[in-house]
Every structure is written in structure tokens, then in C-alpha cells.
Amino acid sequence: MIYLDYQATTPIAPEAREAMLPWLDKFGNPHSPHRLGREASAAIEIAIAQIASALGDSDGKGRLILTSGATEAANWALRGAVAGPRHKIVTIATEHACVLDTAEWLAHRNAELVVLPVLPNGLVDMDVAARAIDGQTALVAAMLVNNEIGVIQPVAELAHHAHQAGALFFCDAVQGLGRTDLPLDACDLVAISAHKIHGPKGIGALWLREGLDWPAMIHGGGQQQGLRSGTLSPMLAAGFGAAAALAEKRAEQDLLHISSLSLLTDNLFEDWVLNGDRVHRYGGNRNLRLDGVDASRLISELREVAFSAGSACASGSGRPSHVLRALGLSEAQARGSIRLGFGRYTTQEELREAAALINQAAARQLEWA
């Protein structure tokens, strides 16, 4: 199997696996006062420091609270933002479902929701954004790197508008951590996930700027500064920490590798059209379309290549991608689009073989049409 679905999840790094294995046998509760508990607690603190460093916060500009994943972190960020006197959320039409669905849920209660359009290249219309972010805005929520088309949004500029209006800025940095620069100083809240950076599934984090007074997500034993109660997993934390440390250490090396694969992909799929901006993007995400092709059929036929038609979270809905429709693509164009995601462990040989298989299958579809 050639794996080209890095936006859905990434292969676990050997270093992360190695960090996790001892904690299958070390069973101490990290919140217990005895030696076993203190050892587990120390492992978690080390992991939190590693994750914070990878985020760009090695000097304590904020607090890092471990969660079950980025979906929980995003839910928490949006719900917490409208718990105060302001109730307006401004976000973007191409955001992940965990942001859009949470915002819609809040809009059915006491929140006002503004969903900003994007230009045909997938970038937010900043003129519309500047007008929408006003003195009633509680939170501006924007994704750093889009999970479906790889476009990098101008999050620092959006954050500037938010702060000028007295609002908070939340960044979904799930696809950006370890892959592109995160302007952490511009952010008030940041969501990240371990399994997108070669760590384990089931753990993520919400970073909160220091001094931010935030409502608790889960009540109970008072763990994690009383913000999210519950017993933490030293094993998952250790894996997350090791993956984050590795991502920070290998950032330049990984970027050079991705850049070479990105150039190769452009050559191998020269007959396909790139969805999203060609310049302001992460190179390891190539969302491509070919008129007349049915992406779902292509995916089911090519069992030796793992790729997708968009977000794994929405792949079973049967609906065309909301991200591609937001770009102005027709339903047929959206259904003819595939997402190729590659990364640290992808080889050029795998990419060439996958491209040959995909192009051959697409040609057969067009011939039979």
C-alpha cells in the first residue's frame, strides 16, 4: 500500500512509538503522590514542554492543556469564547467541521455567526473580514493550513483585526504544526493534534495565552489546573511529546523533502488542475481535479494506493466537499477532485508509482465516459 493521505493521519514515528512503549507496563496514575505516580507525572510534564517548544512557546507565554484531540480543543475554544459578554463568532467557509459545526451549534443558542467567504484561490477575502470583525466580536477562528486544499491563511492579519476590535483569535494549527511558521504571538488560543505530526491518535492540546481566564471544559478531580479534569495517559502524552520534539528537530529537513516531492507531483500530474492558491500553501497537500473523473470510483478501484477526495471526517457523507464548493467549483468539479497528501516517510519512487496508477485509472474512466 502506497500511503498518500497524510492530511487524514500520519504514520507514527519510530521515536514516538519507542517513547510510548514503556508506559504500557508503567501503570502509575500520574495524579497519585507516590513514586509511580510522580514518575508518570514527570513524563507528562516533559511531554508538555516538548509540545510547547514545537509550538514556539519554550518561555511560557501560555498554558498547554492536553485534550482528546483537536476537535475537543476547537469545541472548547469556541464555547469558551461566547461564555462572556460578547457572543459573535467570525470564521471562514473553508474551516474544518469541528469549527463550523460548533459555531453553528452555538448560533442556535445565543451566538451570532458570520462565515466569511473565500476567493477562488481559497484565501479569505480580507476586505470582507475587516468589515465583519467589529466591537461585538468575541472570537475570530481561522485555520492556519487548510486540511483539504493546503492553503495557508493570513492568520496574523486576521488576528490583528480581531485584537483591534477587542476580540480573541483562535487558530486551528493542526495541519500547520511542524510544517509552516505559526505566528504564536498573534494567537490567543491554538488547537493541535498528535496524530497529524506522527504521534498517536486520541490526544491533542489547546494552548491558551497566559492570563486568559477560561471556563473549564470538564469538571471533576481538578486535573490540569482545574480546566480539564480526568486522568491523563502518560503513554499518549509521551508519544505526543516525542513526535513534537522530532517535528521541531526535523523541520528544515522535512520541508526540503516535501518541497522536492511537491515539484515532482506537479510534473507527474501535469494534466490535472490544482485547487487552491499555488503560492500560499503547504506543499505536502495537493488537491487536484480532472474534468470527467469520478474521484470516489478512482479511490475504490485503486486499492494499492491510499488517497482521498477530501476530509476524512466528511468522506462518508456522500456530499461534495464544502471547501471546494466554497472556492466556486461546481458539484461535478468537486466530485472530480482528489487529495494527495505526502510527508516525511513518502519516497519519490512511491509517488511515481502512485501517479502512474492514478493517471491510468483516470484515463480509463475518461475513455469509458
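Everything discussed here concerns the structure shown above.
Residues numbered from 1 in each chain as written. Predicted model: local features only at pLDDT ≥ 70, side-chain atom pairs only at ≥ 80, totals over all residues. Heavy atoms only, no water.

A word on the packing of aromatic side chains
- Under the definition given, this model contains two aromatic pairs.
- Ring plane angle 45° and centroid distance 5.6 Å describe the contact between Tyr3 and Tyr6, whose orientation is recorded as tilted.
- Relative accessible area serves as the criterion here: at 26%, Tyr3 is assigned to the partly exposed category.
- Plain terms: the ring middles of Phe269 and Trp272 are 6.0 Å apart, the flat faces sit at 80° to each other, and that makes the pair edge-to-face.
- Of the residues examined, Trp272 reaches a relative accessible area of 8% and is grouped as buried. (Phe/Tyr/Trp six-rings, centres within 6.5 Å; stacked < 30°, edge-to-face > 60°. Buried < 20%, exposed > 50% of the residue type's maximum accessible area, 1.4 Å probe, protein only.)

Considerations on helix H8 (residues 251-268)
- A rise of 1.5 Å per residue sets the reference length of H8, with its 18 residues, at 26 Å; its end C-alpha atoms lie 25 Å apart and thus fit the reference within 8%.
- Considered for burial, the residues of H8 that qualify are Asp254, Ile258, Leu261, Ser262, Leu264 and Thr265.
- On its buried side, H8 packs onto strand S10 (285-289), strand S12 (337-341) and helix H12 (348-368). (Helix = DSSP H or I, 4+ residues; strand = E, 2+ residues; numbered from the N terminus. Expected span 1.5 Å × (residues − 1). Contact = heavy atoms within 4.5 Å.)

So, the pairing of strand S4 (residues 112-116)
- Sheet analysis places strand S3 (residues 88-92) next to S4, joined by five bridges and oriented parallel. The partner of Thr91 across the bridge, within S4, is Val115. (Pairing = 2+ DSSP bridges.)

Some remarks on the sheet that holds strand S9 (residues 273-274)
- The three strands lie next to each other as S9-S10-S12, forming an open sheet whose pairing is antiparallel. Every other strand in the sheet has two partners, leaving S9 and S12 as the edge strands with one partner each.
- Taken together, the five bridges between S10 and S12 define a ladder with antiparallel strand orientation. Opposite Arg286, over in S12, you have Leu340 as the bridge partner.

Digging into the packing of helix H3 (residues 70-81) against helix H4 (residues 97-107)
- Where H3 contacts H4, the two axes come as close as 9 Å, and the packing angle between them is 35°. When the axes of H3 and H4 are compared, the crossing they make is right-handed. Across the interface between the two elements, Thr71, Ala74, Asn75, Leu78 and Arg79 from H3 touch Cys98, Val99, Thr102, Ala103, Trp105 and Leu106 from H4. (Axes fitted to C-alpha atoms, helices over the stretch in contact; angles between N-to-C directions. Left-handed = near helix turned anticlockwise from the far one by under 90°.)

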